[in-house]
Structures are given as structure tokens and as C-alpha cells.
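A structural walkthrough
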Amino acid sequence: MQQIIQKLPSVQAFLFLLLMSFIPPPGHADTTPTGLAIMTRVDDRPDGEDRKSLMTMTLINKNGRKRIREVRNFSKDFGKDKKSVMVFLKPADVKETAFLSWEYDDPSREDDKWLYMPALKKVRRISGSSKNEYFMGSDFTYDDMGDRNVEEDTHTLLAEESVDGHDCWKVESIPVDPEDMYTRKILWINKDADMIVKAEYYDKDGLLKIYRALDFIQQDGFWTLLKSEMDDVVRQHKTVMEMAKTEYDTGVKDSLFRVSTIQRGNIR
Amino acid sequence: MRHFVFALLIVLPSVDAVMPGHQARAEESDQLWLAPFSLTGWAETIQSLRTHSPNDVLTSRARLRLEMTADFNMLYAFVSGDAEKNWQIEDESGLDLQEAWLEHAADRWDLRIGRQIIIWGKADGVQITDIISPPDYSESITRDLDEIRMPVNAVKFRLLGDAITTEFIWIPVFEAAVQPTGDNPWAVSSERAENEQVAMAETIEPSTSLENSEVAVKVAAWLSGLDLAASLFYTWDDNPTYHRSTYSTDDVLHIDYSPKHHRLIVIGLECSRPWSDFVFRAEAAYYVGKYHETDSPTIDPLKKDLFKWLGGVDWTPGNNWSVTAQLTGDVIVNYDAALADEEMESMVTLNISKELFNQTLTVSGMLYFDLNEGESYFRPKADYAMTDALHLLFGADIFCGDEGNFGKYENNSQVWIKIKYSF
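To start, this report covers the structure provided alongside it. Predicted model only: the values in this text are computed from it and were never measured. (Residues numbered from 1 in each chain as written. Chains lettered and ligands numbered in written order. Predicted model: local features only at pLDDT ≥ 70, side-chain atom pairs only at ≥ 80, totals over all residues. Heavy atoms only, no water.)

Quick look at the side chain of Asp139(A)
Here Asp139(A) lies in the loop between β6 (122–126) and α5 (143–147). By relative accessible area, Asp139(A) is classed as buried at 0%. A polar side-chain atom of Asp139(A) sits 3.5 Å from the main-chain amide nitrogen of Lys238(A). Setting aside anything within four residues of it in sequence, one finds Asp139(A) in contact with Tyr134(A), Asp144(A), Lys209(A), Met230(A), Asp232(A), Arg235(A), His237(A), Lys238(A), Thr239(A) and Asn358(B). (Helix = DSSP H or I, 4+ residues; strand = E, 2+ residues; numbered from the N terminus. Buried < 20%, exposed > 50% of the residue type's maximum accessible area, 1.4 Å probe, protein only. Polar contact = N/O pair within 3.5 Å; in protein donor to acceptor, adjacent residues only side chain to side chain. Contact = heavy atoms within 4.5 Å.)

Observations regarding the side chain of His261(B)
All names here are of chain B. Mapping His 261 onto the fold places it in the loop between β13 (252–260) and β14 (263–275). Take His 261: its relative accessible area is 3%, and that puts it in the buried class. One polar contact links the side chain of His 261 to the main-chain carbonyl oxygen of Asp 237, over a distance of 2.7 Å. Excluding its chain neighbours within four sequence positions, the residues that come into contact with His 261 are Phe 174, Ala 176, Thr 203, Ile 204, Glu 205, Pro 206, Trp 236, Asp 237, Asp 238, Asn 239 and Pro 240.

With respect to the pattern of salt bridges
Counted according to the given criterion, the structure contains 50 salt bridges over all chains. Glu161(A) is paired through a salt bridge with Lys170(A); the nearest N and O atoms lie 3.3 Å apart. On the basis of relative accessibility, which here comes to 18%, the residue Lys170(A) falls in the buried class. Where Glu90(B) meets Lys85(B), a salt bridge forms, and the shortest distance between an N and an O atom there is 3.7 Å. Overlapping salt bridges bring together Glu44(B), Arg61(B), Arg63(B), Glu84(B), Glu92(B), Asp136(B), Glu139(B), Arg143(B), Glu147(B) and Lys418(B) as one network. (Salt bridge = Lys/Arg side-chain N within 4 Å of Asp/Glu carboxyl O.)

As for the interface of chain B and chain A
Chain B puts 59 residues into the contact, and the matching count from chain A is 43 residues. Considering only the surface of chain B that becomes buried against chain A, Trp222(B), Asn358(B) and Asp388(B) emerge as the three largest contributors, covering 19% of it. Applying the counting rule to chain B against chain A returns seven salt bridges. Between Asp388(B) and Arg69(A) there is a salt bridge, and its shortest N-O distance comes to 3.0 Å. (Buried area = accessible area lost by both parts, 1.4 Å probe.)

What about the packing of aromatic side chains?
Tallying each qualifying case throughout the model produces 27 aromatic pairs over all chains. Judged by centre distance (6.0 Å) and plane angle (20 degrees), the rings of Phe278(B) and Phe280(B) are stacked. Relative accessible area serves as the criterion here: at 24%, Phe278(B) is assigned to the partly exposed category. On the numbers, 6.1 Å between centres and 50 degrees between planes, the contact of Tyr368(B) with Phe406(B) is tilted. Residue Tyr368(B) is located in strand β21 (residues 361–370), and its partner Phe406(B) is located in the loop between β23 (390–400) and β24 (414–422); the two are separated by 38 residues in the primary sequence. Judged by its relative accessible area of 11%, Tyr368(B) is buried. By way of ring pairs, the aromatic residues Trp186(B), Tyr368(B), Tyr377(B), Phe399(B), Phe406(B) and Tyr409(B) are connected into one cluster. Over the face of the ring belonging to Phe78(A) we find Lys83(A), whose NZ or CZ atom lies 4.6 Å from the ring centre. Stacked on the ring of Tyr134(A), the Lys or Arg Arg235(A) has its end atom at 4.7 Å from the ring centre. (Phe/Tyr/Trp six-rings, centres within 6.5 Å; stacked < 30°, edge-to-face > 60°. Lys NZ or Arg CZ within 6 Å of the ring centre and 35° of its normal.)

Observations regarding the environment of His254(B)
All names here are of chain B. Along the chain, His 254 falls in strand β13. Taking the C-alpha atoms as reference points, His 254 and Ser 38, 216 residues apart in sequence, are found 57 Å from one another. Excluding residues that lie within four positions of it along the chain, His 254 makes contacts with Gln 197, Ser 245, Thr 246, Tyr 247, Ser 248 and Thr 249. In terms of polar contacts, His 254 uses its side chain to reach the side chain of Thr 249, at 2.6 Å.

Examining the sheet that holds β13(B)
Residues and elements named next belong to chain B. The strand order across the open sheet built from three strands is β9-β13-β12, with neighbouring strands paired in mixed fashion. Two strands bound the open sheet, and with one partner strand each, they are β9 (196–200) and β12 (241–249). With strand direction ignored, the average angle separating the axes of adjacent strands in the sheet is 25 degrees. Pairing of β12 with β13, which is carried by nine bridges, proceeds in the antiparallel orientation. Its bridge partner being in β13, His 243 is matched across the sheet by Ser 258. (Pairing = 2+ DSSP bridges. Axes fitted to C-alpha atoms, helices over the stretch in contact; angles between N-to-C directions.)

Some points on the nonpolar core
Met57(A), Val71(A), Phe135(A), Ile189(A) and Tyr211(A) are the most contacted members of the largest nonpolar core, which has 38 residues in total. Elements supplying a minimum of two residues to this core: α4 (35–43), β1 (50–60), β3 (81–90), β5 (112–117), β8 (166–175), β9 (184–190), β10 (195–203) and β11 (206–219) of chain A. Looking at this core, the element that brings in the most residues is β10(A), giving five residues. In this structure Tyr211(A) touches Phe140(A), Ile196(A), Val197(A), Lys198(A), Ala199(A), Tyr201(A), Leu225(A), Ser228(A), Glu229(A) and Met230(A), once residues within four positions along its chain are discounted. Listed in part, the 30 residues of the second largest apolar core include Ile132(B), Ile169(B), Tyr287(B) and Met366(B). (Core = buried A, V, L, I, M, F, W, Y, C linked by side-chain atoms within 4.5 Å.)

Structural notes on unusual backbone geometry
Cis geometry is found at the peptide bond from Lys90(A) to Pro91(A), where omega equals 5 degrees. With a phi angle near 55 degrees, Asn319(B) is a residue other than glycine that sits in the positive phi range. Relative to the assigned elements, Asn319(B) resides in the loop between β18 (306–318) and β19 (321–332). With relative accessibility at 60%, the residue Asn319(B) sits in the exposed group. Despite not being glycine, Phe357(B) has its phi angle at roughly 50 degrees, a positive value. Note that Phe357(B) resides in the loop between β20 (344–356) and β21. A residue is classified by how much of its surface remains accessible, and Phe357(B), at 59% relative accessible area, is exposed.

Spelled out as C-alpha cells, the structure:
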């Protein structure tokens, strides 16, 4: 740089320095990623080719009354798409209900979803856009549980903050669809794990829900969420979600994700 | 109400005795040999009052359902049975084996042998192609749909492709539909002329033999954004045809009925397609060899093919609402004016459901409306989860009309209360 400046006349050198002052120094873009880049990293966080786990949800109402939901999860990547099966174990009246979804990376393509209902002994197709429905009476919507495409929101990096001892990016996500149930979300993402450790969900009336990742570890090289909670501050209702028996890359068979498998009524 | 309280006292402690701590899974115990087994089920009791005079008890029963599974990896077994006490329909009281089957599942095929319930079709609460498991109409259609289906002794073999499933079913033993008879309050017969005298012979059912077997094949495709299926069922009509011979003596018309089941061939098509918050469904079946009742006691039932169809839409607008609407119809091919049914009959169904209070309360209403007769059946229901295991339900069955399929039960309109405990 010095050599270039010395070869220029003084006015030209001044103009050159003025021009250079508008160009950020090398490496600056790498250290401060955009909101979209951060959320893409969260979405792309490595989690193996396939995974299975046992999820327990404890639903707690404002009187402290608890209800338990237990679900066995299986999922597998098929290229950029993902197929997953959830088998309900508790409560007893929905035991063996199975939910199969084929989720597509292309946001313009609607996900395929089927539900097996053991009482009716029948599989029925359900609409792919029921993402804003609450999952089994909990405070998590299907979207909250990870179905949402990154492109469905515009993401803006707001700040860098520390949350519960985690060094985090603070990102604001605003849905592209004005009809979405949330008007905006504020997310705190752990910089090391690319994992959301806190989130605030807002609707047109203000703060609706607060999410917290209570415990997560690195297992088999993958950041794994063990415990989280969603606190609905409006309804004064809370859901604690615990993941157990999480396993990665165990070679889950493709056949598990066929409709004919959930139609059998016993996922094995 | 006395029966209801009595049933509650019997059912709930007995469940606790069978399932201490409501935890049936043996794998959580120290006895590893029990690990493949699991025992689940439910106990329920229902009590109703007729809304019409004499406002008496119409439904009064308690039932315990036990379901046991055994998973030996290569082989999976399922057995379910009912113990029922019915204070209104005494024939329904007793022990009853529901399903009992063995299954082997490989990667590209599976085989299920034994007593099993097989459900086909895309329709809700209406049977178009769904005629593999015959119905039990002991309490008309007021029971939940899953209680109306009866198991059949069958072999079901499936070839499993990634997106296409081919299903073969063999039913060696015929099972007829069950209709209410005798003192059953749902045994409502149409009035006869004073000068008619009726004799009813025993129903002729197909004997169990290879040539009397029922066989079915179905090919179903589960594609991205579209489900399709085509089926062929070589079966027997689950309901008998009331053949008759008549003669007259002294101004009295004698009608001798000889009920008999006939062969049917049913060709079916099904599809469903999601779009946004909607799922569109369609189903059609062509019944070859169907017999139809005539409107004259002296004319024998006539054999005419029947075309049944249904179009429906499920709408989930969000906020825990769901709406299902269906339009369905029957068309008798080569219609004859002597038939009791009209050439074209159609019906709409509408089901609206809303979940409230974190899905602890579900309020729903199912309406059937017969467009030809102007008759209807409405079933409002509220289901409250007192705990995860214990549900309290209130509802009503309201029939409106004259002498048609729904109107004939008008005096059986009822309000009911039910408690169900699942474990």
C-alpha cells in the first residue's frame, strides 16, 4: 500500500486514501456475518445423516397441573430434503399414532404429511401448511420445532450479547408472510454451537412466548439439545421438552419413512 | 344413572388393579422376559337419555378393552378383546375377542394373518370402498366409527415399494353385517299393512369353502402431493337380500321372506391431494351385482349395478379449527321404477371441530343431511381431558325426518354422557 501511495502525486494520493477509507479492511465481513448467514448456519448445523431420539414434553398450566407427552422421533436426510416419523407413546389414548412428513428444502414445494390414527386404523393425508398449529397441546408449534425454512423470514443481526453465559448473536427474524402468527422473533444464537439458546416470539399485541435452551451438549461431534422450555407468557402455560436416547448415523432404514410403514400401526 | 355410577365404580378400580401406576410397559420392570409384551386399553361407560317421550334410558353400557402386543422382532402379535356389560341390549353383554393376528414385516413385503380389522378409503363416516370389515349397527350409527367395524378372519399380504403398495387380501370365512333385532331399541321396522302376514326364513349365508372366499387387491401410490389407489374386491354383500314369495288367502297377503347373501364385485378408486390449508379427497366404487329393495311387497328385489361416489375437503384454517365437508351420492344403473330407492340419492356431511384450553377440550359437531329426503342426523360432542388418561364426554344424537334412513330413529334421539379411561 505504501509503495503505491509514494508513486502517486499528493492530490491523487489523497483521493486514493479517501476512496480506500470506504472499503472495509480485509476480514471484517467474516467476523460479522449477516442475520441470514447466521440463521442459515443454524439451519445447516451438522446433525448426521439420520437421527433418532425420545422426546418427552411436560405441559404445565398456570395451576401447576402437568400433562405428559412422549414421542419417539426418527429422521433422515435425503439430499437436501428430510423425512421424519414421530410415533406417539403418551398419553395412552393416542398411543401408536404416527406422523410421517417429507420436508422439502425448496420453500415453494409443499411438504407431504400423513397421519396414522390407530383408533381408525387408517392413514390420512393432512395439509402441509399446518405449521402454525400447536403440537399436541404444547406451547411449541410445528414451526417452532424446526420445520421452518430460513427463507420464510428476513433476518437482521442486531447485536452481540451474552445470554446465560453463552456468547451469542442477537438476530431479529420477521416473517415474509404478513399473515404469519408471529410478527417478529428475537433470537439469541450461541456462536460456538450455532444453536438458538433463547428466543422471544411476538405477535401484534406484544411478547407472546419465551424459549430457552436449558441444556445442550456435544455428542458424537454434533451439538445436541437435551432440554428446553417454551413459556407462553400470555396463557401462563409452559412446556418443558426433554430429549433422551439421541443417536446419530445409526443407519435408519429408508423404509421407515414410507406411508406403508406407518399404515402398519406398529413402528419397529 | 344408577347403572352409570355402578359402572364407574366397577371399571375404574378394576383398571387400577390391572395397571397399577398406569404403567403397563414391561420393559421398565426388572423382568426382562416380559420386555416384548405390552398391555394397553381403555375402560368406558356411557349413559343416555331419550330426548323424546318417555325420556327413558336408551344407551347404558360399560366396556373394558384390553390390547396386548408382543414384539419378537421377526414376528409381531396383537390381541384385543372386550368385556362389556350392556343394560339395554343384553346380547351385547359378555366377552368378545376383537383382533388376534400375527405379522411378519420384511423390507419389501409384510404378511398379517388372523382376525383383523381392515379399513379402506378416504371417506369420513361414509362407506364407499370401505367394505372389507363389515359394520355392526347394533346401535345404528351412534357408536364411534372405530366401534362399528367388525374384524374379519383374513390373510393380508403387501408388496411394499417406496411409493407404491400392492395389497392382497384373502377372507376365507364370511362375516355378515350386524343389524339391530328383537328388543333392541334401534330395531325400528317400517309399518306394514294390516292385511299382510310375514314369515321370515333363516338367512342363507355362504358356507366356508375355497370358492366362497372373498378376495381383494388394491394398488396404492403415495406420491408427492397426491395419493392414488385402485382396488378390486370380489366379495359377498354384507347385508342379505330379502327375496320373497307371496300368496293371498281371504284378503290376507302372505309374504314369505328368504334372506340370502349375494356375490358382489366392487371396483374402487380413491385419491387425495393437499393444497395450502386444504386436503381434497375423492372416492368412487362401482358395485356389480347389487340387489335393491323394491317398494312393493310382491316384487322381488332387483339386481342393478350401483355407483357410489364421494368428494370431500378437509380445511385446517389454524387456531385449532378443523372443518370437513363431504358430498356423497348413489346412482343405480339401469334404474327400474319399481325400486324403493331413488335413481340418484345424495347426502352432505359436515364436521366442525375446535380444540380449546391447550387442547384439553374438543368441541365438535358432525352433521349428515340427506338431500333427497331432507332428513338429518346431528352429533354434537364435547370431549374434556380431565387428566391425560381420563376423559369426560358429553354429546347428543339428534335424528330429524320421517321414515327415511335417519327419520326412522327420530324417537331415539338422545343426550349422553361418557367417561373414558385410557391406559
